[in-house]
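Topology and contacts: notes
This is what each chain is made of:
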Amino acid sequence: MAKKKKKIKLPELGPGSILVDSHCHLDFPDYAADQEEVIAAAVKAGVTRMITIGIDYRTSAAAVALAAEYESVYAAVGIHPHHAAEMSDDDLSAIVGLAKSPEVVAYGEVGIDMVKNYAPLEVQKEKFSRQVALAKELELPLIIHDREAHAEILAILQKEAPFPAKGVIHCFSGNLDIASRFMELGFYISIPGVVTFNKAEELQEAARRIPLESLLVETDAPFLAPVPRRGRRNEPAYVLYTAQKVAELKGITLDEVAGTTTANVEKLFHLTKQL
Ligand SMILES: [Zn+2]
Ligand SMILES: [Zn+2]
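Let me sum up the structure you'll find in this document.

Analysis parameters
- Residues numbered from 1 in each chain as written.
- Chains lettered and ligands numbered in written order.
- Predicted model: local features only at pLDDT ≥ 70, side-chain atom pairs only at ≥ 80, totals over all residues.
- Heavy atoms only, no water.
- Donors = N, O, S within 2.8 Å, 3.2 Å for Na, K, Ca; no water.
- Tetrahedral: all angles 85-135°; square planar, octahedral: opposite > 155°, others 65-115°.
- Helix = DSSP H or I, 4+ residues; strand = E, 2+ residues; numbered from the N terminus.
- Buried < 20%, exposed > 50% of the residue type's maximum accessible area, 1.4 Å probe, protein only.
- Lys, Arg positive; Asp, Glu negative; His and termini not counted.
- Salt bridge = Lys/Arg side-chain N within 4 Å of Asp/Glu carboxyl O.
- Polar contact = N/O pair within 3.5 Å; in protein donor to acceptor, adjacent residues only side chain to side chain.
- Contact = heavy atoms within 4.5 Å.
- Disulfide = S-S within 2.5 Å.
- Phe/Tyr/Trp six-rings, centres within 6.5 Å; stacked < 30°, edge-to-face > 60°.
- Lys NZ or Arg CZ within 6 Å of the ring centre and 35° of its normal.
- Axes fitted to C-alpha atoms, helices over the stretch in contact; angles between N-to-C directions.
- Parallel < 35°, antiparallel > 145°, perpendicular 65-115°, else oblique.
- Nonpolar A, V, L, I, M, F, W, Y, C, P; charged D, E, K, R; others polar.
- Core = buried A, V, L, I, M, F, W, Y, C linked by side-chain atoms within 4.5 Å.
- Pairing = 2+ DSSP bridges.
- Right-handed = clockwise from strand over helix to strand, strands pointing away.

Looking now at the coordination of the zinc ion (ligand 2). The protein atoms that coordinate the zinc ion (ligand 2) are His23 (NE2), His25 (NE2), Glu109 (OE) and Asp220 (OD), at distances spanning 2.1 to 2.5 Å. Coordination geometry of the zinc ion (ligand 2): the four donor atoms subtend angles of 87 to 175 degrees at the metal centre, consistent with an arrangement described as irregular. Here the donor residues of the zinc ion (ligand 2) are spaced in sequence according to H-x1-H-x83-E-x110-D. In this structure, the zinc ion (ligand 2) lies 3.4 Å away from the zinc ion (ligand 1), the two metals sharing Glu109 as a donor. Of this pair, His25 sits in the loop between β1 (19-24) and α1 (35-44) while Glu109 sits in strand β4 (residues 104-113), and the two are 84 residues apart along the sequence.

Next comes the structure, spelled out in structure tokens:
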């Protein structure tokens with residue numbers, strides 16, 4: 001007799017409880033075959049809203065189109081540091097045009113990535129500064145990508161402060177001290193699925209100690225699937241594993257994490273759709 005395949009169950013939210021995936025990339029080819037099912041599965045699991053993020057002009061336009069198509073999806077537009085070298089002034093004007101669409105709730109993702117270094121650091125810094133200034137002009141919250149570039153990003157943000165529309169450090173990878181400095185500038189800290197990995201002790205410690213009122217949770221799908229889905233394609237529903245881990249670390253319930261992080265993300269991105 002064939003063995004039944006063990007089904008991995010998602011953590012379950014209590015009645016009336018919902019969660020938001022504050023960062024995913026739903027236009028990526030990984031979802032070409034089942035995008036609609038992936039979004040429906042998230043909504044069914046209680047992840048009723050998700051923010052899909054652009055990384056250049058083309059993907060930003062795709063994010064806006066997705067948000068126009070799906071009630072549960074909102075968009076952010078911007079040029080990622082990986083694309084800083086090829087970013088032209090025309091691209092920037094086009095992004096500003098997109099940013100004015102009603103589906104757009106944030107500017108990003110923008111930042112500095114010193115792991116991949118696809119563009120020279122000076123170019124990344126310059127493109128990041130310009131987009132930080134643009135986000136301020138547009139009065140949009142910022143979604144910041146920071147990979148091994150805490151000091152560089154903090155320096156630019158300190159120069160451009162204050163940030164009345166605030167922002168979030170997505171896929172946070174620093175320690176508690178770095179988190180505090182971003183929080184002082186009005187930024188939320190978004191915890192990715194990496195927090196479920198055994199060796200992520202520093203991030204776990206940060207998630208334990210950062211006040212829940214300053215936290216968001218995210219998937220960064222299709223990347224970085226949390227345990228027990230690690231190594232496979234990530235999707236918005238899996239933000240439940242991340243929220244569950246944050247609850248465990250803080251010694252509170254999943255519904256408490258869902259309630260406060262949802263309120264945080266609603267406040268930051270001014271989410272208005274009633275779901
Ligand atoms: Zn990123
Ligand atoms: Zn991303």
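After that view of the structure, there is still more to cover.
A few words now on the side chain of Asp21. Locating Asp21 in the fold gives a position in strand β1. Despite its burial, Asp21 pairs with no opposite charge, the nearest such side chain being Arg233 at 12 Å. Side-chain polar atoms of Asp21 contact the backbone nitrogen of His23, separated by 3.2 Å. Those residues in contact with Asp21 that sit more than four places away from it in its chain are Val47, Arg49, Met50, Ile51, Val217, Glu218, Thr219, Pro236 and Val239.

Take the state of the cysteines next. The tally for this structure, following the rule as stated, stands at zero disulfides. Not engaged in a disulfide, the cysteine Cys171 finds its nearest cysteine sulfur in Cys24; these two sulfurs lie 13 Å apart.

Right, let's talk about the coordination of the zinc ion (ligand 1) for a bit. Angles between donor atoms at a metal ideally measure 109.5 degrees for a four-coordinate tetrahedral arrangement and either 90 or 180 degrees for a six-coordinate octahedral one. Those protein atoms acting as donors to the zinc ion (ligand 1) are Glu109 (OE), His145 (ND1) and His170 (NE2), and they sit at 2.0 to 2.1 Å. Taken in sequence order, the residues that donate to the zinc ion (ligand 1) follow the motif E-x35-H-x24-H.

What the rule picks out here adds up to three aromatic pairs. Relative to Phe187, the ring of Phe163 lies with its centre 5.3 Å away and its plane at 70 degrees, an arrangement referred to as edge-to-face. Here Phe163, found in the loop between α5 (150-160) and β6 (167-170), pairs with Phe187, found in strand β7 (residues 187-191); they are 24 residues apart in sequence, far enough to count as distant. The pair formed by Phe163 and Phe187 is uniform in burial state, with each residue classed as buried. When the ring centre of Phe163 is taken as origin, the NZ or CZ atom of Lys136, which lies over that ring, is 5.4 Å away. Sitting above the plane of the Phe197 ring, Arg230 keeps its charged end 3.5 Å from the centroid.

At a minimum axis separation of 10 Å, helix α2 (residues 57-69) and helix α3 (residues 89-99) run at an interaxial angle of 10 degrees. One finds that α2 runs roughly parallel with respect to α3. Contacts between α2 and α3 pair Tyr57, Ser60, Ala61 and Val64 from the former with Asp91, Ala94, Ile95 and Leu98 from the latter. Grouping the amino acids of the contact of α2 with α3 by side-chain chemistry returns six nonpolar, one polar and one charged.

Turning our eyes to something else, we now look at the nonpolar core. Ranked by size, the top nonpolar core spans 74 residues in total, and within it Leu157 and Phe182 carry the most contacts. When residues of this core are assigned to their parent elements, the largest contribution, seven residues, is made by helix α8 (residues 239-250). If near-sequence neighbours (up to four positions away) are discounted, Leu157 is found in contact with Phe128, Val132, Ile144, Phe163, Phe182, Leu185 and Phe187. Counting residues in hydrophobic clusters, the runner-up holds 15 residues, among them Ile53, Val105, Tyr188 and Val265.

Counting buried positions over the seven residues of strand β2 (residues 47-53) gives seven, a clear majority of the element. Direction of pairing for β1 relative to β2: parallel, over a ladder of four bridges. Looking across to β2, one finds that Val20 is bridged to Arg49. At this point the chain moves from β1, through α1, to the parallel β2, and the crossover so formed is right-handed. Here four bridges tie β2 to strand β3 (residues 73-77), and the two strands are oriented parallel to one another.

Mapped onto the elements of the fold, Ala85 is located in the loop between β3 and α3. Among the residues examined, Ala85 registers a relative accessible area of 47% and is labelled partly exposed. Along the chain, Ala85 and Ala119 lie 34 residues apart, while their C-alpha atoms are 5.3 Å from each other. When neighbours within four sequence positions are excluded, Ala85 is seen to be in contact with Ala119, Val123 and Lys127.

Further remarks concern the sheet that holds strand β5 (residues 142-147). The pairing of strands in a sheet comes from backbone hydrogen bonds and takes either a parallel or an antiparallel form. Strand order in the open sheet made by the eight strands is β1-β2-β3-β4-β5-β6-β7-β8, with parallel pairing throughout. Only two strands of the sheet have a single neighbouring strand rather than two, namely β1 and β8 (215-217). For this sheet, the mean angle separating the axes of adjacent strands, direction not counted, is 30 degrees. The sheet contacts of α1 involve β2 and β3, and relative to β2 the element is tilted by about 135 degrees. Contacts between helix α6 (residues 176-184) and the sheet are confined to β5, β6 and β7, with β7 contributing the most and set at about 140 degrees to the helix.

Everything listed here is a matter of geometry and, on its own, says nothing about what the molecule does.
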